[in-house]
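Remarks on the overall topology
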Amino acid sequence: MSFSSPASLLEVEPRPDRPPILRVEPTADPLGWAAAHQEALRSRVTEHGALLVRGLGLRDPDQVRAVFTALAGELMAEREAFAPRTAYGSGLYSSTAWPDNQPMCMHHELSYAQRVPGLLLFACLTAPGQGGATAIADGEDVLRALPAELTERFEREGWLLTRSYNDEIGASLVESFGSEDRETVENYCRAHAIDFDWQPDGSLRTTQRRAAVVRHPVTGRRCWFNQVAFLNQWTLAPEVREYLVDEYGEDGLPFNTRHGDGAPIGEDVVTLLNSTYEKHTRREPWQAGDLMLVDNIRTAHAREPFTGEREVLVAMAEPRLLTEGRPTPEGTRR
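A short tour of the structure in this document, coming up.

1. Quick look at helix α9 (residues 267-279)
Counted at 1.5 Å a residue, the expected span for α9 with its 13 residues is 18 Å, and the 18 Å between its end C-alpha atoms agrees. Within α9 the residues assigned to the buried category are Val269, Val270, Leu273, Thr276 and Tyr277. On an axial view of α9, the arc spanned by its buried residues comes to 130 degrees, and they lie on one face. For α9, the exposed residues lying more than 90 degrees away from the buried face are Asp268 and Lys279.

2. Describing the pairing of strand β11 (residues 204-210)
Burial along β11 is one-sided: the face carrying Leu204, Thr206, Gln208 and Arg210 is buried and the face carrying Arg205, Thr207 and Arg209 is not. Pairing analysis gives seven bridges linking strand β9 (residues 159-165) to β11, with the strands arranged antiparallel. Note on β11: the bridge partner recorded for Leu161 is Gln208. Examined bridge by bridge, strand β10 (residues 195-198) and β11 share four bridges and lie antiparallel to one another. Bridge pairing in β11 links Asp195 to Thr207. The turn linking β10 back onto β11 is made up of five residues, and Gly202 within it adopts a positive phi angle of 95 degrees.

Each value, and the rule that gives it
Residues numbered from 1 in each chain as written. Predicted model: local features only at pLDDT ≥ 70, side-chain atom pairs only at ≥ 80, totals over all residues. Heavy atoms only, no water. Helix = DSSP H or I, 4+ residues; strand = E, 2+ residues; numbered from the N terminus. Expected span 1.5 Å × (residues − 1). Buried < 20%, exposed > 50% of the residue type's maximum accessible area, 1.4 Å probe, protein only. Arc of directions from axis to C-beta. Pairing = 2+ DSSP bridges.

Here's what the structure looks like:
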């Protein structure tokens, strides 16, 4: 089967309020189409930060995994997950388990890890009745829009993520570290610059300091790259936050963020971050069969509340090592 020339991919629809959209003719062979257009698709993602491909007609997990692999090579296994997912074989996952009526606010996937995905791949098998878009925001634009005094502090100090694994809320030890064996978990933490402390009840608390502003490994441009707002207590719905603080105390929350020097991040800062994201948000409702590619270093993403059934599969690829606050291709150090 032959496919149109990759030059046809120049006809991307750029809209200020939407992700860039590429509309394609339906094909009986999405895998062959993806393989034939891999280079041009990746070029468009580098150019725009994200790309929604509409009309490809993806239908099932096996097909999605094959298309993702053709586009990105080997898919990453997730480590340090903050909430459960369902795995569909090697490197392919459901969307993160999160209440349908609660937003997952803007963030860069696994920005608190040392080994971060450079590319995210999404495929919609079932579109929700209402809402549920995977919205995006450009990390370069967000960085420019934030007050310099704030970004300079985060750039100077980084940010801290604190986590408590209590086997009730959030990801379990197995889901985050691949094991509940203490020695295995401790070895992982030591190898990935994570401070850890076992509590008297056997639960684990961890702290890790990461960069908040990084340079893109391809463009060299500075990007706001973190989960400072999303994983902070002040982003939670008020009733959820009150319950968690009453139940576990502020030091025992499943996750929370702080300034790099350990100081609390105020509600005003989190509100400012989320409102700045919203001003730069682009969204497009999912349609069944859609494919979306997101440059995870440059582009933050969110999941909006929804009604009805929603099945969006996710993969991570093109791992980067965070070295001195700068993501670099895995295997190279600066």
